Amino acid sequence: MQVGKDLSFFGSFGKRGLGYSVPELSTSLRDILGLGKEWLVVIIGAGKIGAALAQYRGFRQRGFVIVAAYDTNPEKIGRMLEGTEIRDMRRFEDDVEKEHPEIAVLAIPTDHAQEVPDRVNRAGVTAVPNFAPIQLHASPESTVTTLNTA
């Protein structure tokens, strides 16, 4: 009975006395949890961690689409990373305005690391998983989640 009460917070599901249509309930729960949506992702930092993340097939299977990779190293800019061109970080704000990514994954070295989430947030991207080996701080309207610390 508690599950029914919990579900009622999100709308009307099932029929009294008959129960739930599992396919309909499954679709509704996926929508509520955002699992039926494609999330546009950029990777900032095309080194070993950034490359490993770009190669991870599980992202695509879960609805995360990598639309761009960025770096500041001139030797990496213009190369391909798993089918995505590595772009110059100087293009970041213009590209965000055109492509509207929802998530910016940070895979950057520690030097100047705090400048990047601040820049990402100013550009309008507020979900920032951080793989840099340092704890970073976010503006109040965004979330930086450190996933790998030194």
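In this numbering scheme, every chain counts its residues from 1 along its sequence in written order. Restriction of local features to residues with pLDDT of at least 70 applies here, the model being predicted, together with a cutoff of 80 or more for giving and counting side-chain atom pairs; totals for whole chains, interfaces and linings are based on all residues. Excluding hydrogens and water, the side-chain figures rest on all heavy atoms present in the structure.

**Here's the deal with helix H5 (residues 92–99)**
Our working rule: A simple rule labels every residue: compare its accessible area, found with a 1.4 Å probe on the protein chains alone, to the largest value its type can have, and call it buried under 20%, exposed over 50%, or partly exposed in between. Strands here mean DSSP runs of E at least two residues long; helices mean DSSP runs of H or I at least four residues long; both are numbered from the N terminus. Taking the helix axis as origin, the arc is that swept by the directions to the C-beta atoms. When checking whether two residues touch, look at their non-hydrogen atoms; a contact exists if any pair is within 4.5 Å.
Those residues of H5 that sit buried are Phe92, Asp95 and Val96. Buried positions in H5, seen along its axis, are confined to an arc of 105° and lie on one side of it. Set apart from the buried face of H5 by more than 90 degrees, the exposed residues are Glu97 and Lys98. Where H5 is buried, its residues meet strand E1 (39–44), strand E2 (64–71), strand E4 (84–88) and helix H6 (115–123). The first or second residue beyond H5 is histidine 100, which carries a positive phi of 55°.

**Description of the pattern of salt bridges**
To be explicit about the condition: Within this document, salt bridges are pairs made up of a side-chain nitrogen of Lys or Arg and a carboxyl oxygen of Asp or Glu, the two lying within 4 Å of each other.
Counting across every chain of the model gives eight salt bridges. Close ionic contact of arginine 87 with aspartate 95 constitutes a salt bridge, the shortest N to O distance being 3.0 Å. Note on arginine 87: relative accessible area 12%, which makes it buried. Among the salt bridges present, the one from glutamate 99 reaches arginine 87, with a minimum N-O distance of 3.0 Å. Of this pair, glutamate 99 sits in helix H5 while arginine 87 sits in strand E4, and the two are 12 residues apart along the sequence.

**Side note on the packing of aromatic side chains**
Threshold: Geometry of aromatic contacts follows a simple scheme: Phe, Tyr and Trp rings, the Trp one being its six-membered ring, pair when their centres are within 6.5 Å, and the pair is stacked under 30 degrees between planes, edge-to-face over 60, tilted otherwise. Criterion for a charge above a ring: Arg CZ or Lys NZ at most 6 Å from the ring centre, at most 35 degrees from the ring normal.
Scanning the entire structure with this criterion turns up three aromatic pairs. Cluster of aromatic residues (ring-pair linked, three or more members): Tyr56, Phe59 and Phe64. One cation-aromatic arrangement involves lysine 37 over tryptophan 39; the distance from NZ or CZ to the ring centre is 4.3 Å.

**Examining the confidence of the model for the chain**
Definition in use: The predictor's confidence in any single residue is recorded as pLDDT, a number from 0 to 100.
Summarising the model, the chain shows a mean pLDDT of 81, and 73% of its residues fall at 70 or more. Mean pLDDT values over the elements of the chain span from 51, in helix H1 (residues 2–8), up to 96, in H5.

**Here we look at the side chain of threonine 84**
Looking at the element boundaries, threonine 84 is found in strand E4. Under the relative-accessibility criterion, threonine 84 is labelled buried at 12%. Discounting chain neighbours no more than four positions away, the residues touching threonine 84 are Ile66, Val67, Ala68, Ala69 and Arg79.

**Some remarks on helix H3 (residues 48–55)**
Taken as a whole, H3 has its buried residues at Gly50, Ala51, Leu53 and Ala54. All buried residues of H3 fall inside an arc of 160° around its axis, so they share one side. Contacts made by the buried residues of H3 are with E1, helix H4 (58–61), E2, strand E3 (80–81) and strand E5 (103–106).

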